[in-house]
Amino acid sequence: MHTVNPKYQDKSWDFRTADTKEYTHCFHTYPAMMIPQIARKLLNQYGMEGEWLFDPYCGTGTSLVEASLFGMHSVGCDINPLVRLIATTKLMFIPLDILDSELKKLDKVLFQVEFGTDKVPDAPIPKIPNLDYWFSEEIIKSIAYLLDCINKVEDQAVRNFLTVAFSETVREVSYTRTSTFKLHRIPAEKLENFNPDIFGTFRKKLNRNRQGLAAYLEKRKDVEASICDANTVNGELPMPCPLGGYNLVITSPPYGDSHTTVAYGQFSRLSAEWLGLPNARKIDRLAMGGQNSRETLAGTPVSSAIKKISSIDEKRAREVSAFYIDLEHSISSAVKTLSQRSTICYVVGNRRVKDVTLPTDEFVVFAFGKHGFSHKETIVRNIPNKRMPLKNSPSNVAGQTSTTMHEENIVICQRTD
Ligand SMILES: C[S@@+](CC[C@H](N)C(=O)[O-])C[C@H]1O[C@@H](n2cnc3c(N)ncnc32)[C@H](O)[C@@H]1O
């Protein structure tokens, strides 16, 4: 029997005016990033220097970067190889003198093609379907050349640093609309005048990231941090796992399946294809709730909501069930790695489907409750600055939208036995 303890709104968790791009948090945008201030505040309340933090859906590594600044060792997992690369790079020790000397060399080479008389030299172009649908011919040549220059850098940490700036640049110089995380091309009438400055964009990102890195290196503690590709939904466990288990989880799982909530895979696809990363077109199917389920969930806090959805649209109800079944599997795996006195902090959104609200926060309490965790509290915060779609289409009918993602819940449970 799970008990549900206090759930309350607390504006001090909104962080309306906070700078969310300090340190290496500035490196690369990504949908629905956790803001560092949430992880920081949770670490201050529940963290202990020298202990271990785990994030099963680490994305670009916000909670791991904060753990390193706080003084906790950390491990993160994500099924998306692009964000594993970004998170790894945000946590890395990159000697600034080596970085600066490589940046200088690269700058010289790029200056030659930008402002000299040389044309952009030919470089290998990867075989990507429909490449010319997303990029102009000129931009394809420049991206290929830039990537070739980056791949020639020998130092792996520096190469990662450059690759992260490259990845963000690729999306910005493509014909993708910036107003959505999904891949939609800008309108035909705008294509002709779309003439992005690829090298300038890349350089700006390098400068910004160099500043963030310097601030991070100055403050980070001497702790371990690593990223692995374990999928806890399938029972895979994170490595390394400390003796006695992790003491703290700070994480933000997806709000629902990628197809109808946040399309992480589509957001990453163009960069991932240029970089030759695996599963570039499959991430959204591999993500939680990406595969259909025949089961419908009974006896859980989301079951009556799913029943209501089922009376309107049975297929949709099965899709929603698939997500919660995966979430429960993932929680069952994660608890195996947690210590006997661990605290879990899950930042979740209660999305609406077919105008029915799904109490994901209660589901998390229920799923951890099955493994001996008791609910401490749930804090409700407004989302003033998290980058995610504020409007979705709960009925899945184009044009019919509803603003459902204005708040999120920070669910805190503790193992007390
Ligand atoms: C809300 S985002 C996390 C954002 C992260 N907190 C940040 O600040 O960047 C959720 C992440 O879960 C990942 N994901 C989805 N299904 C997963 C699974 N089965 N195992 C691990 N990660 C998964 C997605 O790829 C996405 O990066």
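Residues numbered from 1 in each chain as written. Predicted model: local features only at pLDDT ≥ 70, side-chain atom pairs only at ≥ 80, totals over all residues. Heavy atoms only, no water.

## Comments concerning the overall build of the protein chain
Scanning the protein chain for helices and strands turns up 14 helices and 12 strands. Taken against the 2.2 N^0.38 rule, which gives 22 Å for 417 residues, the C-alpha radius of gyration of the protein chain at 22 Å falls within 12% of a compact globule. Summarising its shape, the C-alpha atoms of the protein chain cover approximately 75 × 50 × 40 Å along the three principal directions. By the burial criterion, 58% of the 417 residues in the protein chain qualify as buried. Within the protein chain, contacts between residues at least 6 apart in sequence are counted, and of these 77% link residues at least 24 apart. A gap of 4 Å separates the mean positions of the 51 positive and 48 negative side-chain charges of the protein chain. (Helix = DSSP H or I, 4+ residues; strand = E, 2+ residues; numbered from the N terminus. Rg over C-alpha atoms; globule rule 2.2 N^0.38 Å. Buried < 20%, exposed > 50% of the residue type's maximum accessible area, 1.4 Å probe, protein only. Contact = heavy atoms within 4.5 Å. Lys, Arg positive; Asp, Glu negative; His and termini not counted. Charge placed at Lys NZ, Arg CZ, Asp CG, Glu CD.)

## Thoughts on helix 3 (residues 81-91)
Burial analysis of helix 3 places 10 of its 11 residues in the buried class, the great majority of the element. Among the residues of helix 3, P81, L82, V83, R84, L85, I86, A87, T89, K90 and L91 are the ones counted as buried. Where helix 3 is buried, its residues contact helix 2 (62-70), helix 7 (156-172), helix 9 (198-219), strand 4 (225-228), helix 10 (264-275) and helix 11 (283-286). Measuring from the side-chain oxygen of the N-cap residue of helix 3 to the backbone nitrogen of L82 gives 3.0 Å; that N-cap residue is N80. (Polar contact = N/O pair within 3.5 Å; in protein donor to acceptor, adjacent residues only side chain to side chain.)

## A word on the site of the ligand
The environment of the ligand is formed by 21 residues, the closest being Y30, T60, T62, D78 and N231. Here an oxygen atom of the ligand and a side-chain polar atom of D78 are 2.7 Å apart. At 3.1 Å, a backbone N or O of M288 approaches a nitrogen atom of the ligand. Summarising the interface, the protein chains cover 99% of the accessible area of the ligand, which totals 610 Å² for the free molecule. Its residues assigned to classes, the shell around the ligand shows 14 nonpolar, 6 polar and 1 charged. (Near = heavy atom within 4 Å. Areas by Shrake-Rupley, 256 points an atom, 1.4 Å probe, with all protein chains shown as cover. Nonpolar A, V, L, I, M, F, W, Y, C, P; charged D, E, K, R; others polar.)

## Regarding the sheet that holds strand 3 (residues 73-77)
The strand order across the open sheet formed by 8 strands is 1-9-12-6-5-2-3-4, and the pairing between neighbours is mixed. Whereas interior strands pair on both sides, the edge strands pair on one side only; in this sheet they are strand 1 (7-9) and strand 4. The average undirected angle you get between the axes of adjacent strands in this sheet is 15 degrees. Note that strand 6 (residues 338-348) and strand 12 (residues 407-415) share 6 bridges and pair antiparallel. Bridging from a neighbouring strand, C345 pairs with I412 of strand 12. Sheet strands in contact with helix 1 (residues 36-46) are strand 2 (52-55), strand 5 (246-251), strand 6, strand 9 (373-382) and strand 12, and its direction is about 25 degrees off that of strand 12. Helix-sheet contacts for helix 2 involve strand 2, strand 3, strand 4 and strand 5, and the interaxial angle to strand 2 is about 170 degrees. (Pairing = 2+ DSSP bridges. Axes fitted to C-alpha atoms, helices over the stretch in contact; angles between N-to-C directions.)

## Details of helix 1
Burial in helix 1 covers these residues: P36, Q37, I38, A39, L42, L43 and Y46. Along its buried surface, helix 1 packs onto strand 2, helix 2, strand 5, strand 6, strand 9 and strand 12.

## Points about the packing of helix 3 against helix 7
Interaxial distance between helix 3 and helix 7 falls to 9 Å at its minimum, and their mutual angle equals 130 degrees. Overall, the two elements helix 3 and helix 7 adopt an arrangement that is oblique. Judged by the twist between their axes, the crossing of helix 3 over helix 7 is left-handed. Across the interface between the two elements, L82, L85, I86, T88 and T89 from helix 3 touch N160, F161, T163, V164 and S167 from helix 7. Classifying every residue of the contact of helix 3 with helix 7 by side-chain character gives 5 nonpolar, 5 polar and no charged. (Parallel < 35°, antiparallel > 145°, perpendicular 65-115°, else oblique. Left-handed = near helix turned anticlockwise from the far one by under 90°.)

## A word on the domain arrangement of the protein chain
As assigned here, the protein chain comprises domain 1 (7-91 + 220-415) and domain 2 (96-217). Relative to domain 2, the C-alpha centre of domain 1 lies at a distance of 30 Å. Of the residues lining the interface, 33 residues belong to domain 1; the matching set on domain 2 comes to 33 residues. The junction of domain 1 with domain 2 conceals about 3,000 Å² of combined surface from both sides, 68% of it contributed by carbon and sulfur atoms. Looking only at domain 1, the three residues that lose the most surface to domain 2 are F27, L270 and W274, adding up to 29% of its buried area. Inspection of the domain 1/domain 2 interface yields 0 salt bridges. Across the contact surface, domain 1 and domain 2 share 13 residue pairs in polar contact (both at pLDDT 80 or more). Those elements giving two or more residues to the side of domain 1 that touches domain 2 turn out to be helix 2, helix 3 and helix 10. Of the residues forming the side of domain 1 that touches domain 2, the biggest block, 8 residues, is contributed by helix 10. Residue composition of the side of domain 1 that touches domain 2, by class: 18 nonpolar, 9 polar and 6 charged. (Domains from an automatic or database assignment. Buried area = accessible area lost by both parts, 1.4 Å probe. Salt bridge = Lys/Arg side-chain N within 4 Å of Asp/Glu carboxyl O.)

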